[in-house]
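Analysis of the macromolecular model
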Amino acid sequence: LVLNLLFCLFYAGRMQRLVKDLLKQLQVQDSHKASALDRILGEVARILEKENAADQAAFHAAGGFAALEQILQAAIASTNLNAISRIPAKSLCGTINVYHLACSNCAENCTYVLFSNRITFLMDLLMHQLTVYVPDDLNATLGRAANKQVFEGLTTGVLRIMAGVFGCLISSVPYGNNQTCAPKLLQEMKNKTSPIEAFNGRIQDLISYVVNIGLIEKLSCCFLSVQGPIDENPKIAAFLQNATAALQGLCQLCFAVSGRSGGIFDHSRQDPTGFTAAFKATDLVGVLHMLYCILFHGTIADANAASPKESYAENTIQVALQSLRLFNSFAILDLPAFQSIVGAEGLSLAFRHIVSSLLWHCSQHTCEALLHEVIVCVGYFTVNHPDNQVIVQSGRHPTVLQKLCQLPFQYFSDPRLIKVLFPTLIAACFNNPQNKIILEQEMSSILLATFIQDFTQDSSQADNQPVQQRGEYLLSVSSNQPLCSQTIHCF
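Residues numbered from 1 in each chain as written. Predicted model: local features only at pLDDT ≥ 70, side-chain atom pairs only at ≥ 80, totals over all residues. Heavy atoms only, no water.

Structural notes on the overall build of the protein chain
Across its full length, the protein chain carries 26 helices and 0 strands. Among the 491 residues that make up the protein chain, the fraction classed as buried is 55%. Contacts spanning at least 24 positions in sequence make up 76% of the contacts within the protein chain whose residues lie at least 6 apart. Working note: accessible area of the protein chain is about 21,400 Å², and carbon and sulfur atoms make up 53% of it. (Helix = DSSP H or I, 4+ residues; strand = E, 2+ residues; numbered from the N terminus. Buried < 20%, exposed > 50% of the residue type's maximum accessible area, 1.4 Å probe, protein only. Contact = heavy atoms within 4.5 Å. Areas by Shrake-Rupley, 256 points an atom, 1.4 Å probe, with all protein chains shown as cover.)

Quick look at helix H5 (residues 89-103)
Counted at 1.5 Å a residue, the expected span for H5 with its 15 residues is 21 Å, and the 21 Å between its end C-alpha atoms agrees. A positive phi of about 55° marks Asn105, the residue just after H5. (Expected span 1.5 Å × (residues − 1).)

Side note on the packing of aromatic side chains
Scanning the entire structure with this criterion turns up 11 aromatic pairs. The interplanar angle of 45° and the centroid separation of 4.7 Å between the aromatic rings of Phe275 and Phe279 together place this pair among those described as tilted. Here Phe279 and Phe275 lie together in helix H14 (residues 275-281), a separation of 4 residues that amounts to about one turn. On the basis of an interplanar angle of 55° and a centroid distance of 6.0 Å, the ring pair of Phe412 and Phe422 is categorised as tilted. Of the two residues, Phe412 sits in the loop between helix H21 (400-405) and helix H22 (415-429) while Phe422 sits in helix H22, which places them 10 residues apart along the sequence. For the pair Phe412 and Phe422, a shared accessibility class is recorded, and that class is buried. Counting every residue linked through ring pairs, the aromatic cluster contains Phe59, Phe65, Tyr99 and Tyr112. (Phe/Tyr/Trp six-rings, centres within 6.5 Å; stacked < 30°, edge-to-face > 60°.)

Notes on the pattern of salt bridges
A side chain with one charge can pair with a side chain of the opposite charge if their charged atoms come near. Applying the stated criterion across every chain yields a total of 7 salt bridges. A salt bridge links Arg118 to Glu69, with the nearest nitrogen and oxygen atoms 3.1 Å apart. Here Arg118, found in helix H7 (residues 118-133), pairs with Glu69, found in helix H4 (residues 64-77); they are 49 residues apart in sequence, far enough to count as distant. Like Arg118, the residue Glu69 is buried in the burial classification. (Salt bridge = Lys/Arg side-chain N within 4 Å of Asp/Glu carboxyl O.)

Side note on the environment of Tyr312
Along the chain, Tyr312 turns up in the loop between helix H15 (287-296) and helix H16 (314-333). Expressed as a C-alpha distance, the spacing of Tyr312 and Asp231, which sit 81 residues apart in the sequence, is 8.1 Å. With residues up to four places along the chain from it excluded, the contact list for Tyr312 reads Leu295, Phe296, Ile317, Ser357 and His361. Of the polar contacts made by the side chain of Tyr312, one reaches the side chain of Ser357; its length is 2.5 Å. (Polar contact = N/O pair within 3.5 Å; in protein donor to acceptor, adjacent residues only side chain to side chain.)

Some thoughts on the state of the cysteines
As used in these notes, a disulfide is a covalent bond between sulfur atoms, one from each of two cysteines. Under the defined criterion, the tally for this structure stands at 0 disulfides. With no disulfide of its own, Cys251 lies closest to Cys254 among cysteine sulfurs, the gap being 7.4 Å. Here Cys251 falls in the buried class, since its relative accessible area comes to 0%. Looking at Cys254, the relative accessible area reads 6%, which means it is buried. (Disulfide = S-S within 2.5 Å.)

Pasting the structure below:
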């Protein structure tokens, strides 16, 4: 115990010295400044890479975030493409990497970043980068004028920090009056508001700020500027992954603070932040269009001529996976909006091609995570929506519905996989005789009837569990539990 304490004191002292050295380097004007700054940032990164909570806390206590913010101010000082920053891009990217490591899986530091307004600075930095590289004109709105430098490391790094912070905040959301799961900073707040009230208010302010500064529209321009394959463009792929992950985190946070207890079918509460309206105005921030382009190497206008590739590169699959996670998170947040956007003329055809192609790819390669997100997404797309149910049974054979019915045997025998597939099959066929006929040509409807009966029994037993345990599914978009529980009740 004594030895561990000595190690903690040693690393805390070392971290404090390194942070002081960072601040000193900001005052230096000679030509060796950049190399010295990179060396210090490298040392801090090597310590934080271990994701040791004590090291991350020591970095925070030593004023590390303030030091990093001072370095990043140099990026905001550059007001145009040709401006030369007083700190090289390499050093700025190293700073962003340290920022990410300091927050990685650390609820205390992420909560501090949220409540100290550090997160607002990151939003301003991101918006500055996007403003420099994505002009405010009609062509940019159409996604043709985004400078490719927007996909470089600094912008992607800020998005990575945002995605990590949002994900960590989601996992530490305080429920009701229970403060045991809340970060220490929330528990120690001196005002009269409860942790959940303080958290909700802060998150709503943050999301409103994101909407009001036009960040959603700028990101939409970036997504729309991607007009073809990304297999040989890892920087663009990394940008797309981190941008969709950050947007997914915002969707989850928006749902977490919405106060809705009835799940995806409860639309009694309005969105005061304007977040869902921004998603509607930009057609899911242009992500659906981007996904179609990277899969089929053409635009949505050419959807009728679309044909899937024999195989997709790993970069493309990872972007597709994160895009589907975003779609599913938004569907949980606002199901009618999701269904109307994706079900619109043109986009619905593109969506059907995307889903059909990804289902085919997953039948040829082992991609369980992607396959499950696709299945869930089809469920959200069709549930209680007759027009969208028609989409999944139309088009080239085998149709989307037929492909779902032709999944491997395990999806009809393994309880874990049944819970993923069956709710979507029910959603696609509920109150739709034609879809039911197609389904019965591929499988026995007795399987679905048995599943409904078993689930109803399990649900009645779950009603006796604590509210928090029954509500945990609300923040999960990697399983079909939200769709499963609420689609069954439609019967």
